[in-house]
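Results of the structural survey
If you want the building blocks of each chain, they are given just below.
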Amino acid sequence: TGATGATGDTGATGATGVTGDTGATGPTGATGATGATGATGTTGATGTTGAVGATGATGVTGATGTIAGVTALGVTGLSNGATVTSNGYLQLAYASPAAATGPTFGITASAGLMPGSYSDIFSRQTIDLGRAGPTGNYGRNWMQITSAGFTSWSALALSASGQYQSAVSTTTGNVYVSSDYGQTFTAIVSGGPSVGTGYSKIAMSASGQYQTILPSSSTTTFYISSNYGNTWSAITALSANQILRKVSISASGEYQSIAVDTTTTGYGILVSSDYGNTWSFKASPQRWYSVSVSASGQYQTAVTLTSGALIYISSDYGNTWKATTAPALGWTDVSISASGQYQTAILSTTGFIYISSDYGQTWVTTALSQFWGATISMSASGQYQVASSSTTGATYISTNYGTTWTSVLTSRNILGLSMSASGQYISGYNGGYIYTCYNSIAISGVIQVGGYTSGSGVTGAVGSLYYDTTINALKVSDGTTWSTLAMGQTGGTGGTGATGATGVTGATGAIGATGVTGASGATGVTGASGATGTTGATGATGAIGETGATGATGVTGASGATGTTG
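Within every chain, residues take consecutive numbers counted from 1 along the sequence as written. For this predicted model, a pLDDT threshold of at least 70 governs which residues receive local features, and a threshold of 80 or more governs which side-chain atom pairs are given and counted, while totals over whole chains, interfaces and linings are taken from all residues. Heavy atoms from the whole structure form the basis of all side-chain values; hydrogens and water molecules are not counted.

Below, the discussion takes up the overall build of the protein chain. Secondary structure elements are defined from DSSP: runs of H or I of at least 4 residues count as helices, runs of E of at least 2 residues count as strands, and each element is numbered from the N terminus. Each helix and strand in the protein chain was counted, giving zero helices and 35 strands. Across the 566 residues of the protein chain, 36% fall into the buried class. Each residue is assigned to one of three classes by its accessible area relative to the maximum for its type, calculated with a 1.4 Å probe on protein chains only: buried under 20%, partly exposed between the two thresholds, exposed over 50%.

Structurally, S294 can be placed in the loop between β17 (288-293) and β18 (300-304). Under the relative-accessibility criterion, S294 is labelled buried at 1%.

The way it works is a 1 Å grid over only the protein atoms, where trapped points that fit a 1.4 Å probe form a cavity and open points with protein on both sides within 12 Å along at least five of seven lines form a pocket, and then any residue with an atom within 4 Å of a point lines it. Grid points are joined across faces, edges and corners, and a volume is the space filled by probe spheres set on the points. On inspection of all chains with the given rule, the structure shows one cavity of 30 Å³ or more. By volume, the largest cavity amounts to about 680 Å³. Taken together, 43 residues make up the lining of the largest cavity; nearest its centre are S248, S335, S377, S418 and M419. Of all the elements in the fold, those that place two or more residues in the lining of the largest cavity are β5 (153-158), β9 (199-204), β13 (243-249), β17, β21 (331-336), β25 (376-378) and β29 (415-419). Top element by residues in the lining of the largest cavity is β5. It accounts for five residues. A breakdown of the residues in the lining of the largest cavity according to their chemical character gives 25 nonpolar, 15 polar and three charged. Polar here means any residue other than Ala, Val, Leu, Ile, Met, Phe, Trp, Tyr, Cys and Pro, which are nonpolar, and Asp, Glu, Lys and Arg, which are charged; Gly is therefore polar.

This part covers the pattern of salt bridges. Salt bridge, as used here: a side-chain nitrogen of Lys or Arg that lies within 4 Å of a carboxyl oxygen of Asp or Glu. Counted under the stated rule, the structure contains three salt bridges. A salt bridge links R245 to D261; the nearest nitrogen and oxygen atoms lie 2.8 Å apart. Highlighted residues: R245 in strand β13 and D261 in strand β14 (residues 256-261), separated in sequence by 16 residues. The salt bridge involving D333 is made with K246; its shortest N-O contact spans 2.8 Å.

In this section: the sheet that holds strand β4 (residues 142-145). Strand pairing follows a simple DSSP-based rule, namely that at least 2 bridges must link the two strands. Read from one edge of the open sheet, four strands run β4-β31-β30-β29, paired in antiparallel fashion. Looking at the sheet topology across the chains shown, the edges are occupied by β4 and β29. Recorded for the sheet is a direction-independent mean angle of 20° between the axes of neighbouring strands. Sheet topology places β29 next to strand β30 (residues 425-430); three bridges connect them, and they run antiparallel. Residue pairing across strands places M419 opposite I426, the latter belonging to β30. To obtain an axis, a line is fitted to C-alpha atoms, over the contacting stretch when the element is a helix, and the angle between two such axes runs from 0 to 180 degrees between their N-to-C directions.

What the four strands build is an open sheet, ordered β21-β22-β23-β24; its pairing is antiparallel. Edge positions in the sheet fall to β21 and β24 (364-370), since each has one partner strand and no second. If you compare each strand with its neighbour and ignore which way they point, the axes differ by 20° on average. Here strand β22 (residues 343-347) pairs with strand β23 (residues 351-356) via three bridges, running antiparallel. For Q343, the partnering residue across the bridge sits in β23 and is S356.

Structure representation (structure tokens):
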């Protein structure tokens, strides 16, 4: 076969055939990775605010918050003496209670936490009135007051300072008031019982502004005053006549209690918490004979007269009462200190004085056993107390909280005793006259008398002293004017007294300390040389020295001649 011929040219491409049917879709591939987040678009315009919904129900009131504490004392006037600061702290006025006018920084009502007159019962300074007689003067300076006249006095009351005093009588419908520490009294028509009936008891607040008097006969009505006893209002607090034995008032005058002597059901101790305007009965009906109220009114003690009766105490302003551990005896009077801690009670018969120093919880006896009259009184602190003995007629004073008692006034039998808060002033009555005791402050050093200029306008009670700095002189008051105390001429020099006897020789004094050592003396001259001493003994032979080294070997000598041959 011959060779294959050359390949011919490629023919023209044929026409494209008809497209075949599309094949079935293949499975979806895996999802690709998420692309990057695009930029945040522009915030759209705020839509229109919808209508306000209905107010929901009021939630439960939360607990009252507490005041964080006192952070400052202000000297400017504060309403009611205190204010709450913007950050919830309590600020108190640095001042004493005062009326709407006065020098006490403009306080118009209560100062701080206490009622307006509460702090009046406490002395601004601690004073020492000394010992009771006969070794001291306390309780011995009694004066008869004739300005009130001669009558059947039944009770007296003193303000905390002693400046305001009021007295009542069983035979007159008047109240006698004093504003000069009991030096003079003025009769005030009370509008109460007529002459021949009169009053049996009286009490006043610490400032003297609020006072209450009790009629001496069985009654449904008694009387109160809110202006230092100048005018009186009738209070009808009982539905039937009863005997009202004793009234006592807190320092502010807000709290008052009356002992009602009755066993009639529905009666007991009358108490008021609105300055004596309205009253309610507390405790069970008994022959309540006396009641005494602390300065705040919280602590109260009451006694009953009937033999076998007890002493009762209250710590909730007289609303509830409980019997104490005091013996079951008949009691006539009780008096408690401003705090209520110290209490003293006396019996209706011969017996001891009973005292308590734990708010009336427990009682102990003190003083002599005798009949102690019908009244006892004490200072605000309880340190000073006064009582009168019907057995001896003497007035007794205690200066140690009733622990011991001293007779200071014999055969006078001062009754109706009442004492100022400091104990400096004491008043009572005897034989138809009022008696007042003025006590001086005990001091063992120099007394500084107030210094004022002549035109300062100071006034004082009779016997007051002050030093006039204008004329450099001491002045005394007679109650209306001041007089300079003149100094007498200097007396002549007295003759020289006789020489006194020679005194006893004093004891030998102690030996003085050893003196300082003196300086060293100069060096003395050198002395002559001494004689030569004898020759000393020959010393011991010394030790044998070491053997010396071996000498060098000598030179070898010449050889000897050879001997003759044998």
